[in-house]
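Overview (structure and organization)
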Amino acid sequence: MAANRDIAYEILKARMDRAGMDIPKAQADYWMQRLEAAEQNLADKGIYLEDTLQDNTLLADYAAFNIQNRDKGTGEPEWLRLEIRERWLAQPRRDQS
């Protein structure tokens, strides 16, 4: 199972102060691509998201951070690093065989 990008997109819109608003298609497409990239980045870290409120929110938070900080070299804020770390620790380990 994977995160629900439609729900994550609605959460992302709220994080970007655009909840309940129509988003221009080009921007909506860009945000959806950022969600896909965020999901892949998390998978590269060993986090396989599921369709849960926590995972959809994590995906939206991570995408929002990447959108808002793409030109800054400051790294992830502490709260986001901890959220990702806690999710990784809770991740069921996949069989390595």
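To be clear, the structure that these remarks concern was listed above.
Per-chain numbering applies: the sequence of each chain, read as written, is numbered from 1 onward. Reporting in this predicted model follows two pLDDT cut-offs: at least 70 for local features of residues, and 80 or more for side-chain atom pairs to be given and counted; totals over whole chains, interfaces and linings ignore these cut-offs and use all residues. Note that the side-chain values use all heavy atoms of the structure and ignore hydrogens as well as water.

Here we come to the overall build of the chain. What counts as a helix is a DSSP run of H or I of at least four residues, what counts as a strand is a run of E of at least two, and both are numbered from the N terminus. For the chain, the count of helices and strands is four helices and zero strands. The quantity called the radius of gyration is restricted to C-alpha atoms. Its globule counterpart is 2.2 Å times the number of residues to the power 0.38. Taking 2.2 N^0.38 as the reference for a compact globule, 97 residues should give roughly 13 Å; the C-alpha atoms of the chain span a radius of gyration of 14 Å, in line with that estimate. With the principal axes as the frame, the chain shows a C-alpha extent of 45 × 30 × 20 Å. Residue burial is assigned from relative accessible area. The probe radius is 1.4 Å, only protein chains are included, and a residue is buried under 20% of its type maximum, exposed over 50%, and partly exposed in between. The 97 residues of the chain split such that 34% are buried. We call two residues in contact whenever any of their non-hydrogen atoms come within 4.5 Å of each other. For the chain, the proportion of contacts with a sequence separation of at least 24, taken over those separated by at least 6, is 65%. Roughly 6,200 Å² of accessible area belongs to the chain as shown, and the carbon and sulfur atoms make up 50% of that amount. Of the charged side chains in the chain, 14 are positive and 18 negative, and the gap between their average positions amounts to 4 Å. Where accessible areas are quoted, they stem from the Shrake-Rupley method and a 1.4 Å probe; at the residue level, only the protein chains shown are allowed to cover. Under this rule, positive means Lys or Arg and negative means Asp or Glu; His and the chain ends count for nothing. All charge positions are set by atom: Lys at NZ, Arg at CZ, Asp at CG, Glu at CD.

What follows is about the packing of helix H1 (residues 5–15) against helix H3 (residues 53–68). Simply put, an axis is a line fit to the C-alpha atoms, just over the touching stretch for a helix, and the angle between two N-to-C directions goes from 0 to 180 degrees. Two numbers describe how H1 lies on H3: the axes approach to 8 Å, and their chain directions differ by 50°. The angle between the axes of H1 and H3 places the two elements in the oblique class. Of the two elements, H1 crosses H3, and the hand of that crossing is right-handed. Residues Arg5, Ile7, Ala8, Ile11, Leu12 and Arg15 of H1 form the contact with H3, whose participating residues are Asn56, Thr57, Leu59, Ala60, Asp61, Ala63, Ala64, Ile67 and Gln68. Gly is put with the polar residues, along with every residue not named as nonpolar or charged; the nonpolar set is Ala, Val, Leu, Ile, Met, Phe, Trp, Tyr, Cys and Pro, and the charged set is Asp, Glu, Lys and Arg. Within the contact of H1 with H3, the residues separate by chemical class into nine nonpolar, three polar and three charged. Here the word oblique covers every angle except those under 35 degrees (roughly parallel), over 145 (roughly antiparallel) and from 65 to 115 (roughly perpendicular). Rotating anticlockwise by less than a right angle from the far helix to the near helix defines a left-handed crossing, while the corresponding clockwise rotation defines a right-handed one.

Okay, the pattern of salt bridges next. Counted as salt bridges are all cases of a side-chain nitrogen of Lys or Arg within 4 Å of a carboxyl oxygen of Asp or Glu. For the structure on display, the rule yields nine salt bridges. Notably, a salt bridge pairs Glu39 with Arg5, separated by 2.9 Å at the nearest N-O pair. Linking Glu39 in helix H2 (residues 25–44) with Arg5 in helix H1, this pair joins segments that are 34 residues apart in sequence. Ionic pairing is found between Lys13 and Glu10, a salt bridge with its closest N-O pair at 3.6 Å. Here the residue Lys13 and the residue Glu10 both occupy positions in helix H1, the gap between them amounting to three residues, near one helical turn.

Attention shifts here to H3. A turn of α-helix holds 3.6 residues, and therefore any two residues three or four places apart point the same way. Here a helix's expected span is defined as the number of its residues, less one, multiplied by 1.5 Å. Between its first and last C-alpha, H3 extends 22 Å over 16 residues, near the 22 Å set by a 1.5 Å rise per residue. Of all 16 residues in H3, twelve are buried, a share of seventy percent or more. For H3, the set of buried residues is Asp55, Asn56, Leu58, Leu59, Ala60, Asp61, Tyr62, Ala63, Ala64, Phe65, Asn66 and Ile67. Close packing links the buried residues of H3 with H1, H2 and helix H4 (78–90).

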